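# Fold and geometry: a report
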Amino acid sequence: MRKKTPALRQVDSEIIRHLALNRFARQSDLFASILGIVPSYNMRRSIRRLKAYRLIESLVGDGETPLGYRLTKQGLRYAEEILRIPGHSLKSRPAYRSQFDHDCIVNEVRILSGVAYR
């Protein structure tokens, strides 16, 4: 039996939509992207709720420095099935935790595309 999909508020759905389309975001990016949100809105509460539902997770860098948030695999499924975001928009998730990891991925792309320096 499949778990019941949580009923989310409109702001929560917009947070998931933004993360699905942009792969990750900082709290300030989320706040700026949601139209009609009042300045006094408690974004941290929405983030805590989405984390509790296991739809988003923190994205951390070197030294456990918080970088922002990204969708979990469950969040990606929610975005595709409930919010109807096309699957091709959801295929990649930021996986690197440091500049070194990022540079390794860039080098792999260069090698695959034939642009690697020799």
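Residues numbered from 1 in each chain as written. Predicted model: local features only at pLDDT ≥ 70, side-chain atom pairs only at ≥ 80, totals over all residues. Heavy atoms only, no water.

### Some details on a positive patch on the surface
A contiguous patch of positive charge on the surface is contributed by R9, R44, R45 and R48. Mapped onto the secondary structure, R45 falls in helix 3 (residues 43–52). (Patch = residues over 30% accessible without salt bridge, like charges linked within 9 Å, V, L, I, M, F, W, Y side chains within 5 Å. Areas by Shrake-Rupley, 256 points an atom, 1.4 Å probe, with all protein chains shown as cover. Salt bridge = Lys/Arg side-chain N within 4 Å of Asp/Glu carboxyl O. Lys, Arg positive; Asp, Glu negative; His and termini not counted. Charge placed at Lys NZ, Arg CZ, Asp CG, Glu CD. Helix = DSSP H or I, 4+ residues; strand = E, 2+ residues; numbered from the N terminus.)

### What about the packing of helix 1 (residues 10–22) against helix 4 (residues 73–81)?
Helix-helix packing is characterised by the crossing angle of the two axes and by the distance between the axes. For the pair helix 1 and helix 4, interaxial distance at closest approach is 10 Å and the crossing angle is 100 degrees. Comparing their axes, helix 4 and helix 1 come out roughly perpendicular. Residues S13, I16 and A20 of helix 1 touch helix 4, and the partners they reach there are G75, Y78 and A79. Taken together, the residues that form the contact of helix 1 with helix 4 break down as 4 nonpolar, 2 polar and no charged. (Axes fitted to C-alpha atoms, helices over the stretch in contact; angles between N-to-C directions. Parallel < 35°, antiparallel > 145°, perpendicular 65-115°, else oblique. Contact = heavy atoms within 4.5 Å. Nonpolar A, V, L, I, M, F, W, Y, C, P; charged D, E, K, R; others polar.)

### Thoughts on the environment of D29
Here D29 shows up in helix 2 (residues 27–33). In the structure, D29 is positioned 10 residues away from L19 in sequence and 9.9 Å away in space, judged by C-alpha atoms.

### So, the confidence of the model for the protein
For the protein, mean pLDDT is 81; residues scoring 70 or higher make up 78% of the total. Ranking the helices and strands of the protein by mean pLDDT puts helix 3 first, with 93, and helix 5 (residues 99–113) last, with 71. (pLDDT = per-residue confidence, 0-100.)

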